Each structure stands twice: as structure tokens, then as C-alpha cells.
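Chain by chain, the residues run as shown.
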Amino acid sequence: MNNVFRLLPEQASTLAPQVDAIYIFLVAISVFFTLLAAGLVLVFGVRFRRRAGGVTPERPHEDSRLELAAGGLLLVILLVLFGWGAKVYFAAARPPADAMEILVTGKQWMWKLQHPNGKREINTLHIPAGKPIQLTMTSEDVIHSFYIPAFRVKQDVLPGRYTRLWFQATKPGKYRLFCTEYCGTEHSMMGGWVYVLTPADYEKWLVGQTGVAMTETPVQAGERLFVQLGCQTCHNPNSGALGPNLVGVFGHTVRLADGTEVIADEDYLRESILNPQAKIVAGYAPVMPVFKGIVTEDQLMQLVAYIKSLAGASN
Amino acid sequence: MSHAALATADDTPKSYLSNRFSIQSWLFTVDHKRIAILYLISLTVFFLLGGAAAAIFRLDLMTPQADLLQSETYNKLFTMHGIVMIFFFLVPSIPAVLGNFLVPIMIGAKDVAFPKLNLLSWYVFMAGGLLALGAIVRGGVDTGWTFYTPYSSMYANSHVILAVAGAFIAGFSSIMTALNFIVTIHKMRAPGLTWFRLPLFIWAMYATSLVVILGTPVVAITLVMIFIERFFGFGLFDPALGGDPVLFQHLFWFYSHPAVYIMILPSMGVVSELVSCFSRRRLYGYTFVAFSSLAIAVIGFFVWGHHMFVSSQSVYAGLIFSFLTFFVAIPTAIKILNWIMTMYKGSVSFETPMLYAYGFLGLFTIGGLTGLFLSTLATDIHLHDTYFVVAHFHYVMVGGGVMGFLGGLHFWWPKITGRMYPEGWAKFAAIVIFVGFNLTFFPQFQLGYHGMPRRYHTYAEEFQILHVMSTAGASVLGAGYLIMAGYMIWSLFKGKRAPANPWDARGLEWETSSPPPTENFLTTPVVTQEAYAYDKPSVTWVPTAHPIPEGHRV
């Protein structure tokens, strides 16, 4: 499947050919300069080897033209590499707006994943080919790193913070999934497979009888929690508005009581649930109870997913 | 040092090795040369321990399953390998052994500026080493040498505090040595030895010392933070208490990336000496090579973020760190050009030290070029924390650092011990080490691009063939080191007596006997030419004493 003696491993995402193109360019310049250096060393070593009765070599003249020329040429190559690398990196860092969101929680030593319809899996990820997928990831304990070599993507997964990763698989198949940030005893066991399916097969898989039974979607679960935890008593435009209205808040700028502004992204929402006093919205009293220790990472993700879904409702 | 005693004709100088023999005369010595030997012995022991750990887990990696070690043992072994090799071998290697021995001699001084501090630095180093070994004896550490939080601060169920304390204490030893070198180089140069007559090895040691003094306190503070977090649960790194798990990485790499230059700049200094001597020619672009060491030392402090492109750092931070990282490549690449151009129209010979310089050039070139793969943002996403990185830093730190150390050790071995090593065996070992090294680490570049993550105890079966090649190479490499250890020990007892200047080299260290007398020179040398005057005859000071010309007294 993955012949390690081929120059390139399997390419299975839209990003892979772009990364590989830079890689091939880098291999080419590396081979060129290595051979050049080795060639010069060997040629000079033989051509100028010490002979009996040889003349004393002259001192090299202090002249920086060669260094300047070499440095200039190198600078050009490096700037090309920098620009090219940055361009692909930026594309890889920005998920398209229509990406399908899958929630990922890392935990010593397994990956827990949840699909938009609520289907969960562990250490396997089923995705449709040809569709941009965005992973929203967090960790329950230490730092992990989500890595799919065939897609050329990797992103650290941190406790207390959400990180994102996106990719678009190009062809159905079975690809390795690894954790690449050392995370303790069974670090090397923390991985599995990514199954890229045709969109039709993916739909079939979503409702299929294998795996965990169908449950509510993350948004539905979040809504249920929102009610169970009593959030709607305050965060409701019709309730006297003890807390800010959450409809349409996601992704927008919020003015805080101390006069600063913050963008209401996943990290801000998460922080405001766990530790509401940290960043109080202007015009509201710091009265919200602390939910740290009450909600799990999975539930937090669901609550955030629900609040994000309210953003759509307002438009 | 102001009134150097003029030696009379009947004074047969005793060497630093032969003047006293008791254990106390070694353990309480303030002679920089004896302290260098103390370091050489302790570093050799650490190198053997670090190497043994590598040998065991390399054997385990022959197969994809865990059939030799348990996961926990494997993790502890690679951690031990990393901690011992970085903190207790590579960082101190050239400065503490060759630097301690040579810096005063090369500048015509009797000793370093603070001899007692120098001795203290060895004791502090040993204290750090013993604490770290204590952690291993008591059951080991499984964090990896990078001690990333929150794993190390909250989750690792092993002797993290002992190991961290060991690294912390060893850091003070580096600081003491660096401080000593800076003052010595500024204040104790022999009359006539201007900055631009200095050997490039001295420039390299100077630049290295600056990095050590500026960087080491930061890692020391960082390690203390782990201690505070583990002991008192302060919440520095624990997000549940408002800490930042990534903060540690910023602080850690602020030291540990420059630490790579602590390992490599001294090596570059050694290689400059070797290439110049065995080409019988002043180094091409002396001034550039001298200043580029300083440039690398300075730029090295601004690139730490390239270890963190996928750490959740912002894309703009990534952009800036990538940009700055590329700039380190320029002085480095031009240095390689300078070494090569020195051979052009030179008179090149191939004694063992020159073979190591050749080895350094080859391996360090590959190490440097593969660094570009990691500073380029898009390729780093894929390569980060894979075997590609493992291969890259071994090419730089072992291919560069160790080849430089071994080249220097062979070059100055006659000066240090007063004995010659067997040239044939030494050449053979140098070639075996070079071949073994490439067999071990070259396959790992391919492993990495194909997705093999680092620090994996078990792995996907398709990677096995490359792992088998790597393990086979490691046994060749290990055999090379053992051959070397064998003939070096043999030479101590049976080696031919070394003349003062076996390579017909220039530079003050060759102007005194081998091994040098306790006070290095019988009289204070007066320098009238630079360290690379290969177009002029050697100013032989040995063994007769020269009176100090009027007007040159210090």
C-alpha cells in the first residue's frame, strides 16, 4: 500500500500534491548542493593534495565577492521557498466556509470523534471524498497531535483550547491516523485509520447498523444540555435578559465590561462556560455560575456547537 | 601572569600530567588542562550510557511489535538517551574538554581567568549528572528530553523532578565555563595577540559562551517552573487553573534552539582549525567566518518558534519564525563555502583529523539542507515530529557536533596526552563511523516523509525495512566508536611519543611541549603573527625559552 522506497508516500488530499511539489523542489536543491559540496571537496582534495617538495600555498586574498554572490543566490532561493511554503501553509490553515465539522477529543490514548449527525467513533474516522472536512479538536489531558500522513496534515490538540484542522480527501481508501505529540506510555498505540468513502457510501455508513447506535446530533445534545443546565433562563431574549442574547453571537465581536473587545469564537465560548467571570460582556452583571467540573469536554463541544448553530438562526 | 619566570637551561619542564600523581592532585586541581581531562573522562562515561540506551531501543525497533521492551521502558530509554546526550554530552563536549584545555594555551595564558570557578564548574556538572543518573536508577523518566507540559508537569508518573534538577544544575556548570572563557579571552591574551590574530576556534568559543550566558538562565527558569507546577500545583501550565500548556514550549525552545548552536559553533571552530592546518593555508574569508559565528549566535535567539508551527501558534507568528529561520542558513552556508575554498590551491593532506573535517562537511551539509524542509512552513506541517526531524537533528548534532569533537580530539590528542594514536586504525575508524552514521540516519529521512512519527515504540509494518536498515547502521556506527575507544586507550600506554608540533601547524598551542608544562609556556609568548601564518615558518618556542622583548611585557 505505502511502498517506502518510492520518493513520495500516497497522496490522498487536495493539499498533498502542493506539499509534495515543494518537497520535490527541496530534494532537488538539496541533492544539487550536496553533490556540489562533495564534488568540490573531492576535486580540490585530489587536485591540490600535498606533494613532496610542493610549493607553500599562498594566503587567500581578503575579498568578499564570492561570499556576497553565494549569499545573494542563496537568499533568492530561500525567499522563493519562504513565499511558496507560506502560500500553501495559509491555504492549509484556512478552512472553507462550507466545511463539514467533525468534533475530535484526544485522550490518553485514543481519539474520540463525533459526526454532525451525532454518530461517534473511536480511533477511526469515516469521511466522504471530495468534501472539505473541518475538525474542531481539544484534549482531555495532555497535548496530542492529529496527523494523517497521506493528507499531509497535522495539528496539535491541546487541553483547554480548541484547534482546527481541515482537509479534503481526494480518493476513497484507507489511510493511517497517528498521534505525533509524545503523550505518555501508549503514545505509539494512539492512532487508527481514516476511511475515505464515496459520498453515497458515507451516507450509508452514517445510518448503518455497525458502530455505535445513532444518537442525537451534537447540536441537539447541546440544546438539551442548554436546557438541562438552566442556561436558557438567562440567555434568552424573552427572559429579562440576565445574560447576553446568544443568537448570532458566534464569530462576532463582543464588547467587554473592561472596555476591550473579543471575538466570540469557540475558545471564548468555552472559557465563558467554564469561568464566566473571566470576560464579562459590557452591560451585564457577573452573576453566571461557574460550570468548571460540571460539564465534560464532550459536553462543552456540544454546547459550543449549539451556540454556533444559533448564529445561523439569526440571519 | 605578569612576570613570567624565565626558564633557565637546566629546567626540564614537567608536564601537567607528570608533575603530581595523587588522586587529590586531580580532584582538587585548578589546572585547566587537568579539569579538561576530568571532563573528558566524565563525558566519555555519559556518552557510553547514552549510546547504550540508543543501542537497546534501536534493537527493539527492528520489529514493529514490542518484542524486547515494554512501552514504559522504551519511553524511559529514549528519554535517557536524549537527556544524557544533550545536557551531559553534546552541550559540554567541545567547550568543556577541548575549550578548557586549549583556550588558555591558544591565547598564550597560564590558565583561565577564574581557575577555582573552573573546578567548581566540573563539580557542579557532576552533581547535575549524578542527579539525572539518580532519576534513571530510581526508575527513570518518561517525558522525553523536552519535558513538554502538561505531560511532564501533571501526568508523567516518573522521576521528573530529579531529572529536571539534574539538567538545571548542569546548566550552571555551562554558565561558569562560558563566563570564564569570555573573561579569559578578553583579558588574558598574550601580548601581540589581537582579536584578528586569534584562532577561529577562539572566536567560536567566544560566540558559544555568549549564547550559553544569555540562553541557559531561561531554560533554568523554565525547569524551575516544572518543579513548581509538579510540587505546588501552581497552574502555570494547567489550563484548568488558567495556565497555558504551550507557554513551556516557548520558554524551552528559546534556550533549546540556541542550544543547537552551542553544540555546533564549537564544532565549526574546530573544523576551521583542521581545514586550515591540513590545507596549509589561512582559512578563506577569516573575517567572515569569525563574524558569522557571532551572527549565528545572535540570529539563533529569534527562531525558536519554528519548533511550534503546528502547536496552535498563530499563522502570522509561524510566518515570522519561518522567515527568520531561513536567515540562519546564509552565514552557515557561506561558512561551508569558506571551508571548501580553503582547500582550493591549498596543499591538502588526509590525516585522521582532516577525514573528520571531511565527514563534518558532508554530514553537516545534509543536516543544514534538511533544515530547510523544516523551516518551510508547508513541508514542516507534514514533517514535524516525524523521523525526518530525528534524522535532521542527528545529522546536525551528531554529524556536525560529534564529528567536530572527534576531529578535534584526534587533532589535539598528541598535545593533550603526549602520545600519537595509530594513524591506520584511526583512519579506518573514521571511515567506519562515517559509513555507519549514514546507514543509521539516512533511511530515517525517508521514514519521516512517509509518515513514521517519532518516539514510537511500535509502528506500522510497512516501515520495518527502513528501521532494520537503520538498526544495522547503528551497529556499524557503534563498532566504529568502540574501535576508536580501543586504539585511543592503547595509545595512552603504547603510543609513540608526540613531538610538540606533529602536524607542523601554526597557533600558540603548538609552540609548547606535548603535553604542555603546568603553566603552559615556560615564558609568556609574544605574538607577532596571526594563528594561520602557514606561509611563514613556525616560530618554535620549544623547548628553549625566549626572553620577552622589551616593550612587550604585560
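It should be noted that the structure appears before, not after, this text.
Residues numbered from 1 in each chain as written. Chains lettered and ligands numbered in written order. Predicted model: local features only at pLDDT ≥ 70, side-chain atom pairs only at ≥ 80, totals over all residues. Heavy atoms only, no water.

Caption draft 1: The arrangement of empty space enclosed by the protein in detail. Residues and elements named next belong to chain B. Overall, the coordinates contain eleven cavities of 30 Å³ or more when judged by the stated rule. Its volume calculated, the largest cavity comes out at about 130 Å³. Those elements giving two or more residues to the lining of the largest cavity turn out to be helix 4 (93-106), helix 7 (160-187) and helix 8 (200-232). Here the lining of the largest cavity gets five residues from one element, more than from any other, and that element is helix 7. When the residues that make up the lining of the largest cavity are grouped by side-chain class, the tally is eleven nonpolar, five polar and no charged. (1 Å grid on protein atoms, 1.4 Å probe; cavity = no way out; pocket = protein on both sides within 12 Å on 5 of 7 lines; lining within 4 Å. Points joined across faces, edges and corners; volume = space filled by probe spheres on them. Helix = DSSP H or I, 4+ residues; strand = E, 2+ residues; numbered from the N terminus. Nonpolar A, V, L, I, M, F, W, Y, C, P; charged D, E, K, R; others polar.)

Caption draft 2: Quick look at the sheet that holds strand 6 (residues 144-148) of chain A. Residue and element names in this part refer to chain A. Pairing in this open sheet of five strands is mixed, and the strands run 4-10-9-6-7 from one edge to the other. Sheet topology places strand 4 (124-128) and strand 7 (153-157) at the edges, where each strand pairs with a single neighbour. Averaged over all pairs of adjacent strands, the angle between strand axes in this sheet comes to 20 degrees, irrespective of strand direction. For strand 6 and strand 7, the ladder comprises five bridges, and the chain directions are antiparallel. Following the sheet pairing, Ile 148 is matched in strand 7 by Val 153. Sheet contacts for helix 3 (residues 199-207): strand 4 and strand 10 (192-197); angle to strand 4, the most-contacted strand, approximately 130 degrees. (Pairing = 2+ DSSP bridges. Axes fitted to C-alpha atoms, helices over the stretch in contact; angles between N-to-C directions. Contact = heavy atoms within 4.5 Å.)

Caption draft 3: Just unusual backbone geometry, in detail. Between Gln 108 of chain A and the following residue, Trp 109 of chain A, the backbone shows a cis peptide bond with an omega angle of 0 degrees. Structurally, the position occupied by Trp 109 of chain A is in the loop between strand 1 (100-107) and strand 2 (110-114). That bond from Ser 514 of chain B to Pro 515 of chain B is cis: its omega, -10 degrees, falls within 30 degrees of zero. Relative to the helices and strands, Pro 515 of chain B is located in the segment after helix 16 (464-494).

Caption draft 4: Fine view of a nonpolar patch on the surface. Residues and elements named next belong to chain B. Together, Ile 23, Leu 27, Phe 28, Leu 120 and Tyr 123 make up a nonpolar patch on the protein surface, roughly 490 Å² of accessible area in all. Contributing elements (two or more residues each) for the nonpolar patch: helix 1 (23-27) and helix 5 (115-137). Considering the arrangement of structural elements, one finds Tyr 123 in helix 5. (Patch = residues over 30% accessible without salt bridge, like charges linked within 9 Å, V, L, I, M, F, W, Y side chains within 5 Å. Areas by Shrake-Rupley, 256 points an atom, 1.4 Å probe, with all protein chains shown as cover. Salt bridge = Lys/Arg side-chain N within 4 Å of Asp/Glu carboxyl O.)

Caption draft 5: Quick look at the pairing of strand 2 of chain A. Residue and element names in this part refer to chain A. When you tally the buried positions in strand 2, you get four out of five residues, the bulk of the element. Summarising the sheet, strand 2 and strand 3 (residues 120-122) pair through three bridges and their orientation is antiparallel. Each bridged residue has a counterpart across the sheet, and for Leu 113 the counterpart in strand 3 is Glu 121. Once strand 2 ends, the chain turns through five residues before running back antiparallel as strand 3, passing Gly 118 with a positive phi of about 100 degrees. (Buried < 20%, exposed > 50% of the residue type's maximum accessible area, 1.4 Å probe, protein only.)

Caption draft 6: Structural detail: the interface of chain B and chain A. On the chain A side, the residues contacting the 98 residues of chain B number 84 residues. Taken together, both faces of the contact between chain B and chain A bury some 7800 Å²; the carbon and sulfur share is 66%. For Glu 461 of chain B, the salt bridge identified is with Arg 176 of chain A, shortest N-O distance 3.6 Å. Linking chain B with chain A are 30 residue pairs in polar contact (both at pLDDT 80 or more), by the criterion used here. For the side of chain B that touches chain A, the class distribution of residues is 54 nonpolar, 30 polar and 14 charged. (Buried area = accessible area lost by both parts, 1.4 Å probe. Polar contact = N/O pair within 3.5 Å; in protein donor to acceptor, adjacent residues only side chain to side chain.)

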